[in-house]
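As a plain string of letters, each chain reads:
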Amino acid sequence: MPMRKLFSRQLIEARHEMLSIFEAIDLSLHDAVTAFVTNDKGLAKKIQAATMQIDARSANLEAVCYNLIATQSPVASDFRLLQTIIYVNFNLQRMSDKVRRVARAARHKVTFEIELPAELTDLIQREADCVYRVLGASVSALVSNDLGSMMSLMDQDEAVHDIYEQFFRTFNRMNAEEMADDSALDDLRRVVMVSRYLDRIAAISIDAAFRLTFLLTGQRLSAADLADIDEDELESMRVPAGEGVTLDPERDARYVAALAPDEVGEALSSLIAKAES
């Protein structure tokens, strides 16, 4: 196989692995939250092990990308794709760590027989449901290369953060009224950090999706920069993809096909249906 075709195939495979890792993290988070809410210590232990496997995949993907940079002398568009994969992958590792912490908190909750008030448990589940939608929207933007949907992610993050703040206002009130034992309070604090982990997972996911701007426009724009740019202006900044950068949403959708349709949105659900058929 000619070297250029081999390089193009390796680029596509690296992109697919990035999306597949994102899918694995999303599914693992669902299980970690379920373990926390239902006191399933066995499931929590399983998810901790699963995140270690995800970390190993991320480390291998990073090595593959740096090897391609070192050996293939990628042109500008190829280099942007590799940089994007590396950046997203770095954030996926951060998300994996937070999922592992949720699973660890679930085990701690069961081991020390911590009874979390029903109001706090309900808030955790509500926050998690919002986070799932943020992850689904982030994946959808990355698969479809949709700058418009990427820019709408900040609105979804606000819903997550509002519940996070509500959770700790509720916790602080209960803390003052009900938790007199210092040891019990310390154990409870470790458990309630789950709300913080969920908030961070949503923020990290959005940060990863925002890298799409660099891939498609070549511009390094921060969230503050994007706040001052409308969608039409951003679309006008698109630059052509190079020969090796094959962005094929229908094929890419296969690598996130296990995600829930109501979380990834109608556009990606349609792509997944096409890919599966």
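Worth saying up front: this structure is predicted, and the values here are computed from it rather than measured. (Residues numbered from 1 in each chain as written. Predicted model: local features only at pLDDT ≥ 70, side-chain atom pairs only at ≥ 80, totals over all residues. Heavy atoms only, no water.)

Asks: Summarise the pattern of salt bridges; cite the residues concerned and give the values.
Replies: Inspection of every chain in the model, using the stated rule, returns 11 salt bridges. Between Glu-17 and Arg-57 there is a salt bridge, and its shortest N-O distance comes to 2.9 Å. Remark: Arg-57 occurs in helix 2 (residues 41-72) and Glu-17 occurs in helix 1 (residues 3-38); sequence separation between them is 40 residues. Assessed through its relative accessible area of 24%, Glu-17 is described here as partly exposed. Here Arg-251 ties to Asp-248 by a salt bridge, and the two come within 3.9 Å at their closest N and O atoms. (Salt bridge = Lys/Arg side-chain N within 4 Å of Asp/Glu carboxyl O. Helix = DSSP H or I, 4+ residues; strand = E, 2+ residues; numbered from the N terminus. Buried < 20%, exposed > 50% of the residue type's maximum accessible area, 1.4 Å probe, protein only.)

Asks: Describe helix 1, with residues and values.
Replies: Between its terminal C-alpha atoms helix 1 stretches 52 Å, which fits the 52 Å expected from 36 residues at 1.5 Å a residue. With its phi angle positive at about 60°, Asn-39 sits one or two positions after the end of helix 1. (Expected span 1.5 Å × (residues − 1).)

Asks: Describe the packing of aromatic side chains, with residues and values.
Replies: With the rule as written, the count across this model stands at 3 aromatic pairs. Ring plane angle 70° and centroid distance 5.3 Å describe the contact between Tyr-164 and Phe-168, whose orientation is recorded as edge-to-face. Of this pair, Tyr-164 and Phe-168 both sit in helix 6 (residues 153-178), 4 residues apart, which is roughly one turn of that helix. The buried category is assigned to Tyr-164, whose relative accessible area is 16%. Taken together, a centroid distance of 6.2 Å and an interplanar angle of 85° make the contact between Phe-168 and Phe-171 edge-to-face. Here Phe-171 and Phe-168 lie together in helix 6, a separation of 3 residues that amounts to about one turn. Phe-171 sits in the buried class, given a relative accessible area of 5%. The ring of Tyr-87 carries Arg-211 above its face, with NZ or CZ at 4.3 Å from the centroid. It is Arg-211 that lies over the ring of Phe-214; its NZ or CZ is 5.1 Å from the centre. (Phe/Tyr/Trp six-rings, centres within 6.5 Å; stacked < 30°, edge-to-face > 60°. Lys NZ or Arg CZ within 6 Å of the ring centre and 35° of its normal.)

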